[in-house]
Amino acid sequence: MSKGNNTLKCTVSFSSADLLPANLNMSKTMTLTVPGTAAGNEAQIQNFTAPQAAAGSGIIVPPNTVANDHAGRVFYFVQNTGSTYNLLIRVISEHSGVTPDQMGDLAPGEFAIYNFDDGVMDSDGTRDHLRLEISCATAAQTTTATVFWWEMAA
Amino acid sequence: MATIKVNLSINSSDVLPFVVAIDESKEISTLSDANANSSNMGQLTVSTTALTINTEIDGGIDNRALVYIKNTGAVAAAGVSADPNIIVDDETAPIMEIAPGEFCFLPYNGGANSTLTVETASGTGYCDYLVIELT
C-alpha cells in the first residue's frame, strides 16, 4: 500500500548588477508532486559532520545498504554549513566498487539542488542503486553539512 | 570581479512529518583572474546529440562554476505527452536528469578544463541554462 502524493515547492533566485552587460534578476519556481508510490515515498533531512576522506570513504547518504539506496529519481538539497572548508560532493551509482563521480564542492554557506536518476547515471546501465558521498575538501579537517533528499519514484 | 546573489527556498507541508521551510541566501563573487573569465546564459533545443553549455567559456570550466539548468519542455497533461527529460553529462558520465518543469542549481567542480553537455535519450527537449565561471 502506498501513501498519497505530497507537494514540494522550490524557488531559486539570481540577482547581479555586474555579471552581465544588463542587470540579472531571475526567479524560477518548480512545484513538485512527490509521488506516494513504493519507490517515491521516502524523504530525510539530516545534519552531518563531514570528515576529510578519499573518494568512496566519506559520509554516505543514505547509509551504505542496498535497501536504503535510491531506486529511480531523487532530489538532493545540500548546504555546507561550516565556516572554513569546502564540502566535496560525489555521486556513487553502484552499491560498491565504483569510483565516485565528483559533482562539485560547496564553499562555506553555499548550497545546491541536484536531480539524480540512477537509471541514467548507473554505470552498468541497469537501474539499481544511487547514493551521495560528502566529505571535507581539506586534509585532516572537517566541515558540517545539511542534506535533505526526497525521492521522486522510478 | 562580479558578484551574484543567490536565494533558494524549499517548502513542503507533507513531505516530512513536520513543515519544511528552508530559505537560504549566499552572495558569491567571481575571481578577478583569467580562470573566471566568462559567463554563459541561453536557451537550447536539445536532441540526442550532446550540446555543450559552456561554449563561451574559453578552454572549458577551469575550476568552479555556478550552474543552473531548467527543463522548459512541456509537462504531461491530459492528452498531451511530456517532452523528454534533459540529461546532463560531464566528461565521463551522465550526472543528472531533469524532468520538464524542474531545474538544478549547483556549484560545479568536475576538475580542470571540464565541459558540461545536455542531451535527451530520445526526442526533442528544451532547456534554459546559466553557467558562471567562479574560479
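Further up the page is the structure itself.
Along each chain, residues carry numbers from 1 onward, in the same order as the chain's sequence is written. Here the convention is simple: chains get letters from A, ligands get numbers from 1, in the order in which they are written. Thresholds applied to this predicted model are a pLDDT of at least 70 for local features of residues and 80 or more for the giving and counting of side-chain atom pairs; totals over whole chains, interfaces and linings are not thresholded and use all residues. The basis for every side-chain value is the complete set of heavy atoms in the structure, and neither hydrogens nor water enter the calculation.

Asks: It is not clear to me how the overall build of chain B should be interpreted in this structure. Could you clarify?
Replies: A run of DSSP states H or I qualifies as a helix once it reaches four residues; a run of E qualifies as a strand once it reaches two. Both are numbered from the N-terminal end. Secondary structure summary: chain B contains zero helices and 10 strands in total. By its C-alpha atoms, chain B is 50 × 40 × 25 Å across when sized along the principal axes. Taken across its 135 residues, chain B has 51% of its residues classed as buried. Residue contacts are counted whenever heavy atoms from the two residues lie within 4.5 Å of one another. Put simply, of all contacts in chain B between residues at least 6 apart along the chain, 72% involve residues at least 24 apart. Here, Shrake-Rupley sampling with a 1.4 Å probe gives the accessible areas, and only protein chains in the shown set may cover a residue. Total accessible area computed for chain B in this model is approximately 5,500 Å², and 48% of it derives from carbon and sulfur atoms. Think of it in three bands: with a 1.4 Å probe and only protein chains considered, a residue is buried below 20% of the maximum accessible area for its type, exposed above 50%, and partly exposed in between.

Asks: Would you explain the overall build of chain A in this entry?
Replies: Of regular secondary structure, chain A possesses one helix and 10 strands. Expressed as a percentage of the 154 residues in chain A, the buried residues total 55%. When the accessible surface of chain A is totalled, it reaches about 6,100 Å², and 49% of it is carbon and sulfur.

Asks: Before we go on, may I ask you to explain the nonpolar core in this structure?
Replies: Here, nonpolar core refers to any group of buried Ala, Val, Leu, Ile, Met, Phe, Trp, Tyr and Cys residues whose side-chain atoms link them within 4.5 Å. With 42 residues, the main nonpolar core has Tyr76, Tyr114, Phe116 and Ile134 of chain A together with Ile69 of chain B as its most contacted residues. Core analysis: the next-biggest nonpolar cluster, separate from the first, contains 35 residues, Val12 of chain A together with Ile4, Val20 and Phe103 of chain B among them.

Asks: Just checking my understanding: could you explain the interface of chain A and chain B for this structure?
Replies: Much of the literature gives interface size as the accessible area that the parts lose upon coming together. Opposite the 54 residues of chain A that make contact, chain B presents 52 residues. Interface of chain A and chain B: buried area, both sides summed, is about 4,400 Å²; carbon and sulfur atoms make up 60% of it. One side-chain nitrogen of Lys or Arg within 4 Å of one carboxyl oxygen of Asp or Glu is enough to make a salt bridge. Our count for the contact surface shared by chain A and chain B stands at four salt bridges. Between Arg64 of chain B and Asp105 of chain A there is a salt bridge, with the nearest N and O atoms lying 2.8 Å from each other. In terms of residues, the side of chain A that touches chain B owes the most to one element, strand S1 (residues 6-16) of chain A, which gives 11 residues. For the side of chain A that touches chain B, the residue count by class is 30 nonpolar, 15 polar and nine charged. A pair of strands counts as paired when DSSP detects no fewer than two bridges linking them. Sheet analysis places S1 of chain A next to strand S1 (residues 3-12) of chain B, joined by seven bridges and oriented antiparallel. Residue pairing for S1 of chain B: Val12 of chain A is matched across the bridge by Leu8 of chain B. Two parts placed together each lose some accessible area under a 1.4 Å probe, and adding up what both lose gives the buried area. Each residue gets one label: Ala, Val, Leu, Ile, Met, Phe, Trp, Tyr, Cys and Pro are nonpolar, Asp, Glu, Lys and Arg are charged, and the others, such as Gly, are polar.

Asks: How do you make sense of the pairing of S1 of chain B when you look at a structure like this?
Replies: Side-chain positions along a regular strand alternate between the two faces of the sheet. With 10 bridges connecting them, S1 of chain B and strand S2 (residues 20-29) of chain B associate as antiparallel partners. When the sheet's bridge partners are listed, Leu8 of chain B is paired in S2 of chain B with Glu24 of chain B.

Asks: Sorry if this is basic, but what is going on with the sheet that holds S2 of chain B here?
Replies: Adjacent strands of a sheet pair through backbone hydrogen bonds, lying either parallel or antiparallel. Read across the open sheet, the four strands follow the order S2(A)-S1(A)-S1(B)-S2(B); overall the sheet is antiparallel. At either end of the open sheet lies a strand with only one pairing partner, and these are strand S2 (24-34) of chain A together with S2 of chain B. Direction aside, neighbouring strands of the sheet carry axes that sit 10 degrees apart on average. Fitted lines through C-alpha atoms give the axes, limited to the stretch in contact for helices. The angle between two N-to-C directions lies from 0 to 180 degrees.

Asks: When you look at the side chain of Ser16 of chain A in this model, what are you seeing that I'm missing?
Replies: With respect to the secondary-structure elements, Ser16 of chain A resides in strand S1. The term polar contact refers here to a pair of N or O atoms within 3.5 Å; inside protein, the definition further demands a hydrogen-donor-capable atom paired with an acceptor-capable atom, and it admits residues adjacent in sequence only when both atoms are side-chain atoms. Only 3.3 Å separates the side chain of Ser16 of chain A from the side chain of Asp18 of chain A, close enough to count as a polar contact. At 2.5 Å, the side chain of Ser16 of chain A forms a polar contact with the backbone oxygen of Thr3 of chain B. Once you skip the residues sitting within four places of it in the chain, Ser16 of chain A turns out to touch Asn23 and Leu24 of chain A together with Thr3 and Ile4 of chain B.

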